[in-house]
Amino acid sequence: MIISQKIVPFFYKQIGSEFQAFVLYLAIGSYFEIEALPELSAFFFNQADEERQHGLKFIRFLVDNDVAVSIPPIPPADSSFKDPESAIKLSLEREINVTKEIHDLVRLAKEEKDFTSDNFLQWFVKEQLEEVTLMDQLLKMVQRAGKEQIMLVEDYLARKGLSKNKEFPKELSMGESSD
């Protein structure tokens, strides 16, 4: 193994953190779907998929370094929110926390002179800057629009293609049979 043994348990924790964000974004996407805000719903389902991919990147990195993988339990996430602003505010807080976690991992990799892990983590440093910026901008737009004009945010997401026009996952629908 070429990565530091000391960093491995922190990578396990990060896998859990990435999957926790995945579950949170599924909950937020569901909330927006219930609120009949399909662009915000699709945006958060896409974000959920990104977080899942992040968790898988950590798993792949450990496997590539011949390290057994341990995935911590993921707490449930509630899909009821007071309003769109509170849902997006929670997502921004989550991204800020993940950014701190990634920075702590980078700091540990550097202390351990674990250049392989440090190199791997640099992608996440850049990614987190993008994620925090995106959520911060989305929150500011929702705050500016207010609850009464949330459709302006929907229109913006549709125009910019930020929701990638993904609909609510049909395989989750209970109303249709796949027979």
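The structure this text deals with has already been given above.
Residues numbered from 1 in each chain as written. Predicted model: local features only at pLDDT ≥ 70, side-chain atom pairs only at ≥ 80, totals over all residues. Heavy atoms only, no water.

**Here's the deal with the packing of helix α2 (residues 38-64) against helix α5 (residues 150-160)**
Piece 1. Where α2 contacts α5, the two axes come as close as 8 Å, and the packing angle between them is 55 degrees. Put simply, α2 runs oblique to α5. Contacts between α2 and α5 pair Pro38, Glu39, Leu40 and Phe43 from the former with Ile150, Val153, Glu154, Leu157 and Ala158 from the latter.
Piece 2. Here the residues of the contact of α2 with α5 sort into seven nonpolar, no polar and two charged. (Axes fitted to C-alpha atoms, helices over the stretch in contact; angles between N-to-C directions. Helix = DSSP H or I, 4+ residues; strand = E, 2+ residues; numbered from the N terminus. Parallel < 35°, antiparallel > 145°, perpendicular 65-115°, else oblique. Contact = heavy atoms within 4.5 Å. Nonpolar A, V, L, I, M, F, W, Y, C, P; charged D, E, K, R; others polar.)

**Thoughts on the environment of Ala77**
Piece 1. The topology assignment puts Ala77 in the loop between α2 and α3 (84-111).
Piece 2. Residues within four places of Ala77 in sequence aside, it is in contact with Val23, Leu24 and Ala27.

**Focus on the pattern of salt bridges**
Piece 1. Evaluated as defined, the whole model comprises eight salt bridges.
Piece 2. One salt bridge in this structure joins Lys110 and Asp118, with 2.9 Å as the shortest N-O distance.
Piece 3. You can call Lys110 partly exposed: its relative accessible area is 48%.
Piece 4. Overall, Asp118 belongs to the buried group, its relative accessible area being 13%. (Salt bridge = Lys/Arg side-chain N within 4 Å of Asp/Glu carboxyl O. Buried < 20%, exposed > 50% of the residue type's maximum accessible area, 1.4 Å probe, protein only.)

**Observations concerning the nonpolar core**
Piece 1. With 23 residues, the main nonpolar core has Ile28, Phe32, Leu40, Phe44, Ile88, Leu138 and Val153 as its most contacted residues.
Piece 2. When sequence neighbours within four positions are dropped, the list of residues in contact with Phe44 reads Tyr25, Ile28, Gly29, Phe32, Ile88, Ser91, Met135 and Leu138.
Piece 3. With 20 residues, the next largest nonpolar core counts Ile7, Val8, Ala109 and Phe124 among its residues. (Core = buried A, V, L, I, M, F, W, Y, C linked by side-chain atoms within 4.5 Å.)

**So, the packing of α2 against helix α4 (residues 115-145)**
Piece 1. Between α2 and α4, the least distance of the axes is 12 Å, while the angle of their chain directions is 170 degrees. On the basis of the axis angle, α2 is roughly antiparallel to α4. Every residue of α4 that contacts α2 at Leu40, Phe43, Phe44, Gln47, Glu50, Glu51, His54, Lys57, Phe58 and Phe61 is listed here: Thr116, Ser117, Phe120, Leu121, Trp123, Phe124, Glu127, Glu131, Leu134, Met135 and Leu138.
Piece 2. Tallied by class, residues from the contact of α2 with α4 come to 12 nonpolar, four polar and five charged.

Just geometry here; none of it tells us what the structure is for.
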